[in-house]
Structure formats: structure tokens, C-alpha cells
Amino acid sequence: MKRLLCIAAAAVFLCALIPVSAAAGASGAAIAVRDGVVRVLCSDGDSSYSGSAFVLSSDRDGTYVATNYHVVEDSDPSTVQVLDHKGDTTSADIEFYSDSYDLCVLKTQGPLMGVATVSLYPQGDAAVGNEVYALGFPGAGDTLLDDLGYKVEDITVTNGIMIQNLRLTIVW
């Protein structure tokens, strides 16, 4: 099945770009999608890596997750896993990556249960000056590797203004 995904890459690190209008209030919008933020775990045999990711879509065959490419870049692809807030890990395959956009789309080998899909700005609606929110675990990856469990409340929310509007179209 082909799917079309347009992603506006507007933050220094990619976690999730959430339109303020997604909920009644700006902080409500960010809090409402925390269940769609997950972690990516992988290794190269000597070192372990972890990073933030968010759920793009899910069906019975698997869940598509977006993360930064630098999270999985040096890892053994067979070690890539997605960790949800319940502590469940699921193996994932790299479906797409772009080194120049620092973007990677993973597909889990089975659906993730109990996670939300994060809505991005619709194509054409994202504009310079829009308020956006980034959710994830910036700077916390190393300490979180020691304790694989996390709570939804551990997810950091940072707001900002879109300063550049880059579009990348991915078909899979």
C-alpha cells in the first residue's frame, strides 16, 4: 500500500511539529499527543543509541515512526527497536532515511498498541511564523538507557516559531 507523507522539517532536532490548533489551547495540544511519542533504541555492537520519535500511522501490519537519522545512522539495522511508554519494545525496519534532512522513517514489525498518531500540519498549511511544539527526550537519551521504562510525563515539551519551511515528500 502506498502512502504519501509530507513533513515540514522546521526544528533543529526532529521530535514532532504540532499545530497549535490541534486542541483548545497550545499547551493542551502538546499534552494531547504525548502518547504518540516513543523512543528508538539501537546499537552497533559496542555502543547503544537512543532517540525520540513519534508515531505517523499504524495498522495491523506495523506502525510507522519518524525519528532523526543520526539516531540509527551508525547502528546495526537488525538492532533497531521502538520502545513505548508501557515499556514494550518492538523490532523495526528502516523504511526511508535522508542524511541531508536528518530524517528516518521506521516501520515496526507489528502494531504498537496504546499509542496515538501525531498529526502534523496538513500539506500547504505549515508556514514560517507558525507556532510549533517539539516533544521528546532531548539530552536525556544516555540516562534513559539505564532505565528503559519511562512515563508519558517524562516527555519534554518545547515551543518555538517555525523559521524555515522545508518540505520532503516520502512515498512508501
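Quick note: structure is the one above.
Numbers given for residues are sequential positions, taken from 1 along each chain in its written order. Given that this is a predicted model, residues contribute local features only at a pLDDT of at least 70 and side-chain atom pairs are listed and counted only at 80 or more, while totals for whole chains, interfaces and linings are drawn from all residues. To get the side-chain values, take all heavy atoms of the structure and skip hydrogens and water.

Undergrad: How do you make sense of the overall build of the protein chain when you look at a structure like this?
TA: Counting secondary structure elements, the protein chain contains three helices and 10 strands. Seen in sequence order, the protein chain has helices and strands lined up from the N terminus as β-α-β-β-β-α-β-β-β-β-α-β-β. Relative accessibility under 20% of the residue-type maximum defines a buried residue, over 50% an exposed one, and the middle range a partly exposed one, all with a 1.4 Å probe and only protein chains included. Considering the protein chain as a whole, with its 172 residues, one finds that 45% of them fall into the buried category. Working rule for contacts: check all heavy atoms of both residues, and any pair within 4.5 Å makes them a contact. For the protein chain, the share of sequence-separated contacts (at least 6 apart) that also reach a separation of at least 24 residues comes to 70%. Here the open area of atoms and residues is found with the Shrake-Rupley method and a 1.4 Å probe, where only the protein chains shown may cover a residue. Of the roughly 8400 Å² of accessible surface on the protein chain, a fraction of 49% belongs to carbon and sulfur atoms. Strands are runs of DSSP state E lasting at least 2 residues, helices are runs of H or I lasting at least 4, and numbering of each runs from the N terminus.

Undergrad: In this structure, what is going on with the state of the cysteines? I would like to understand it.
TA: Here, disulfide denotes a covalent bond that connects the sulfur atoms of two cysteines. Counting rule for disulfides: a pair of cysteine sulfur atoms within 2.5 Å. Applying the stated criterion across every chain yields a total of zero disulfides. A disulfide-free cysteine, Cys-42 has its sulfur positioned 9.0 Å from the sulfur of Cys-104, the nearest such atom. For Cys-42, a relative accessible area of 5% translates into the label buried.

Undergrad: What am I meant to see in the environment of Asn-68 here?
TA: As for its placement among the helices and strands, Asn-68 is situated in the loop between β4 (62-67) and α2 (69-72). A relative accessible area of 6% means that Asn-68 is categorised as buried. For the pair Asn-68 and Tyr-101, spaced 33 residues apart in sequence, the C-alpha to C-alpha distance is 8.5 Å.

Undergrad: What is the right way to read the sheet that holds strand β5 (residues 81-83) from this model?
TA: Sheet strands line up and pair through hydrogen bonds in the backbone, either parallel or antiparallel. Pairing is antiparallel in the closed barrel, where six strands are placed in the order β2-β3-β4-β7-β6-β5. Geometrically, the sheet is characterised by an average inter-axis angle of 40° between neighbouring strands, direction not taken into account. In this scheme, strands are said to pair when DSSP sees at least two bridges between them. By the bridge criterion, six bridges tie strand β3 (residues 48-59) to β4 in an arrangement that is antiparallel. Within β4, the residue paired with Ala-53 across the bridge is Thr-67. The convention used is that axes are lines fitted to C-alpha atoms, helices contributing only their stretch in contact, and that angles between N-to-C directions extend from 0 to 180 degrees.

Undergrad: Please clarify how the packing of aromatic side chains should be interpreted in this entry.
TA: For any pair of aromatic rings, the description consists of the separation of the ring centres together with the inter-plane angle of the planes. Any pair of Phe, Tyr and Trp rings, taking the six-membered ring for Trp, is counted once the centres come within 6.5 Å. Such a pair is stacked with planes under 30 degrees apart, edge-to-face with planes over 60 apart, and tilted for the rest. This model, assessed by the stated rule, comprises one aromatic pair. For the pair Tyr-69 and Tyr-97, a centre-to-centre distance of 4.5 Å together with 10° between the ring planes defines the contact as stacked. Here the residue Tyr-69 occupies a position in helix α2, and Tyr-97 occupies one in strand β6 (residues 89-98), the gap between them amounting to 28 residues. With relative accessibility at 11%, the residue Tyr-69 sits in the buried group. Judged by relative accessible area, which is 47%, Tyr-97 ranks as partly exposed.

Undergrad: Can you help me understand a negative patch on the surface in this one?
TA: On the surface, a cluster of negative charge is contributed by Asp-44, Asp-46, Glu-73, Asp-74, Asp-76 and Asp-99. Take Asp-46: it is sitting in the loop between β2 (37-43) and β3. A relative accessible area of 77% places Asp-46 in the exposed class. Like-charged residues within 9 Å of one another, or nonpolar side chains (Val, Leu, Ile, Met, Phe, Trp, Tyr) within 5 Å, are grouped into patches, provided each residue has over 30% relative accessible area and no salt bridge. Counted as salt bridges are all cases of a side-chain nitrogen of Lys or Arg within 4 Å of a carboxyl oxygen of Asp or Glu. This count recognises Lys and Arg as positive and Asp and Glu as negative, with His and chain-terminal groups excluded. To locate a charge, take NZ of a lysine, CZ of an arginine, CG of an aspartate or CD of a glutamate.

Undergrad: I tried to follow the pairing of β4 on my own but got confused; where do I start?
TA: Sheet faces and side chains relate simply in a regular strand, where the side chains alternate between the two faces. In terms of residue burial, β4 counts as a mostly covered element, since six of its six residues are buried. The side-chain alternation of β4 yields two buried faces, one formed by Gly-62, Tyr-64 and Ala-66 and the other by Thr-63, Val-65 and Thr-67. As consecutive antiparallel partners, β3 and β4 are separated by two residues. Sheet topology note: the β4/strand β7 (residues 103-108) ladder contains four bridges and is antiparallel. Across the sheet, Val-65 pairs through a bridge with Leu-106, a residue of β7.

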